[in-house]
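Examining the three-dimensional arrangement
Listed below are the residues making up each chain.
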Amino acid sequence: MYLIANATSKEIVISDLKLPLGPRKAIDLDRVRTREQIKQSRDLKACFKGGHIKLKRDDNPDHKTQVVSAEVKDEQIDKIRAAISEEIKSQLGSTQSSPPGDMMAMMEQIKAMIQQGGGVAGPVAGSSVSENDDLDDETLAEIHAKRMGKMTKGTMGKVHYEEKSVKDSIDDRTSELDGLLE
Amino acid sequence: MSKAIGCDCGTMFFQVAEKENDNVKVRRTRNAFVELEASEDIEEVLARNDWQYVQDGNKFYVIGEDSLRVANMFPGKVELRRPLQDGVLNKNEEKKMLVLSQLIETSMGKAPDDKSVVCTCVSSESVDGSPDSSFHKARLAGMFKNLGWNIKVIEEGHAVILAERPVLVEPDGTESPYSGIGISFGAGRVNCVLAYKGLQVIGMSAARSGDWIDKKVAEATGEPISQITKKKETKLDFDNIDYDDDVVFALDAYYAEMIKFVFSKFAFKFAAVKSQFEAPLEVVVAGGTSMPKGFCSKVREIIDGLDLPFEIKDVRHASEPRDAVVNGCLTQAIITQKKLK
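Residues numbered from 1 in each chain as written. Chains lettered and ligands numbered in written order. Predicted model: local features only at pLDDT ≥ 70, side-chain atom pairs only at ≥ 80, totals over all residues. Heavy atoms only, no water.

1. Notes on the nonpolar core
All names here are of chain B. Grouped together as the largest cluster of nonpolar side chains are 45 residues, with contacts concentrated most on Met258 and Phe310. When residues of this core are assigned to their parent elements, the largest contribution, 13 residues, is made by helix α8 (residues 246-270). Dropping the residues within four chain positions of it, Met258 is found in contact with Phe185, Val190, Arg208, Ser209, Trp212, Ile213, Thr289 and Phe295. (Core = buried A, V, L, I, M, F, W, Y, C linked by side-chain atoms within 4.5 Å. Buried < 20%, exposed > 50% of the residue type's maximum accessible area, 1.4 Å probe, protein only. Helix = DSSP H or I, 4+ residues; strand = E, 2+ residues; numbered from the N terminus. Contact = heavy atoms within 4.5 Å.)

Shown next as structure tokens:
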């Protein structure tokens, strides 16, 4: 995994990788480009240097060349299916040449899931949560509220405030703004 | 009964505002604290002096104006600290968040019902690499939510617009209220917003404000920051600069530098929306750093020397420069609450 995130509030396009990345979005580059391409990308380096993109996770920091396939080939699926079929046969202890119908349906499901997982080349959202990732404000506030509740348990305060009261046309302003903002 | 409250959690001062009949009531305290070492008689000392404090287990933090008194009583032995630095919360300083959450709880209390709203403000996008406010915004929202409040967050410069109602006169003579530039010159940051009919168009902030000026002048003159601040508050008059006083002279120079920086950066952002604004813009300034006499003239003098992509109609002070931001937050809180009902 080579997870990067857009740390800005604007879309960034990594031109030499031909890759757009939306504001505050994250993506696993290993799923869409080879490690060679990633390491040779000058635009990506410039984005790191400028702080516009942050590296969240690198599972292969020594960047040994890996061939990462963005697609799962049918031969691989057939091999997996054959292995599962053998396993089921051995567990059932049956002389059946092929697994029963519901097992076949399950294997088709697994095959479909593998194909789905192998082919996605899009943003990976939410895989590492930090203040810069794309959680909505409501959820973030909830997380922080819980933290504050824990932190302030048993805390008490004695505070005085300097007070003043001023005549203000706030009612006029709010009515006027209500009309403008409708 | 439902409440609508405005809250301005600034680097120097913490303020809340609430409507009370035809008036707006503002409550304020200094946003600073000192940590006292636990001792057998600590509670007696606090009670005897009637100091404001926050207690967390066996730790005590004297806060507000009293924290300044304690720091002056024990120079070098206690450190005066602030929950905010450069306008934002430091996520690595949990004690600071504890103090701030107590300020919030003691000033506002728990929300009386589920229709009560607090509006607070955060800094706009930083243009000088200073820390952004995403953690600050989320943590502040969490503090309010922990007390049951519905939360609305706006940018600080926008609050100035909502409080002061600048007006744009369109080429055909019609007036568009809440249209213009609102600038809050705080202690930790300057925040600048362009709005049109109450809606924010662009915003920016920079950590080049009151604290930056004090620090730079102290470096240049060798005077302690406390003396710089005192002269800034008592002697600085931009219409009558004492050029023989090195501190005043340096203050004048760094103020000019700050104003030039802010408008230059703002001009860059403005370029993206230039075509929408051909009429001259009204500028409203607020915040403690804008308080020295003649500040508006100083701003005018500096921007007349810049080649800006917009025309300035006039530069004026907020009617209550220290309260404009919290007042604007209260305005927005009332509007938001109406929509909830």
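The structure having been displayed, the exposition proceeds.
2. A few points about the interface of chain B and chain A
Of the residues lining the interface, 56 residues belong to chain B; the matching set on chain A comes to 42 residues. Both faces considered, chain B and chain A share a buried interface measuring about 4,700 Å² in area, 51% of it formed by carbon and sulfur atoms. Across the chain B-chain A interface, the total number found is 12 salt bridges. The shortest N-O distance in the salt bridge between Glu142(A) and Lys145(B) comes to 3.7 Å. Where chain B meets chain A, there are 26 residue pairs in polar contact (both at pLDDT 80 or more). For the side of chain B that touches chain A, the elements supplying multiple residues, two or more each, are β2 (13-20), β3 (23-30), β5 (53-56), α3 (94-108), α4 (134-146), α5 (156-164) and α10 (324-340) of chain B. The element best represented in the side of chain B that touches chain A is α4(B), accounting for 10 residues. Residues belonging to the side of chain B that touches chain A are distributed by class as follows: 22 nonpolar, 14 polar and 20 charged. In this structure, strand β7 (residues 162-167) of chain A lies alongside β3(B), joined through six bridges in antiparallel fashion. (Buried area = accessible area lost by both parts, 1.4 Å probe. Salt bridge = Lys/Arg side-chain N within 4 Å of Asp/Glu carboxyl O. Polar contact = N/O pair within 3.5 Å; in protein donor to acceptor, adjacent residues only side chain to side chain. Nonpolar A, V, L, I, M, F, W, Y, C, P; charged D, E, K, R; others polar. Pairing = 2+ DSSP bridges.)

3. As for the sheet that holds strand β16 (residues 281-286) of chain B
Residue and element names in this part refer to chain B. One open sheet accounts for five strands, arranged β15-β14-β13-β16-β17; its pairing is mixed. Taken across any chain shown, the strands that pair with only one partner, and hence form the sheet edges, are β15 (199-206) and β17 (312-317). Put simply, the sheet's adjacent strands are angled 15 degrees from each other on average, direction ignored. Here strand β14 (residues 190-196) runs beside β15; their pairing, made up of seven bridges, is antiparallel. (Axes fitted to C-alpha atoms, helices over the stretch in contact; angles between N-to-C directions.)

4. Section: empty space enclosed by the protein
Across all of its chains, the model carries two cavities of 30 Å³ or more by this definition. Of the volumes computed, that of the largest cavity is approximately 50 Å³. Lining the largest cavity, in full, are Met148(A), Thr152(A), Ser101(B), Ile104(B), Glu105(B), Met143(B), Asn146(B) and Leu147(B). Looking at the lining of the largest cavity, the elements that each hand over two or more residues are α3 and α4 of chain B. Considering each element in turn, the lining of the largest cavity owes the most residues, three residues, to α3(B). (1 Å grid on protein atoms, 1.4 Å probe; cavity = no way out; pocket = protein on both sides within 12 Å on 5 of 7 lines; lining within 4 Å. Points joined across faces, edges and corners; volume = space filled by probe spheres on them.)

5. Observations regarding the state of the cysteines
Residue and element names in this part refer to chain B. All chains considered together, the criterion is met by zero disulfides over all chains. Of all cysteine sulfurs in the structure, the one in Cys9 sits closest to Cys7, which takes part in no disulfide; the separation is 6.0 Å. A residue is classified by how much of its surface remains accessible, and Cys7, at 1% relative accessible area, is buried. Here Cys119 is not cross-linked by a disulfide; its sulfur's nearest cysteine counterpart is in Cys329, at 4.5 Å. (Disulfide = S-S within 2.5 Å.)

6. Concerning unusual backbone geometry
Here Lys18(A), not a glycine, exhibits a phi torsion of approximately 55 degrees, which is positive. Tracing the chain through its elements places Lys18(A) in the loop between β2 (12-14) and β3 (19-21). Given the relative accessible area of 69%, Lys18(A) is considered exposed. Even without being glycine, Tyr178(B) reaches a positive phi, approximately 55 degrees. Structurally, Tyr178(B) is set in the loop between β12 (175-177) and β13 (180-185).

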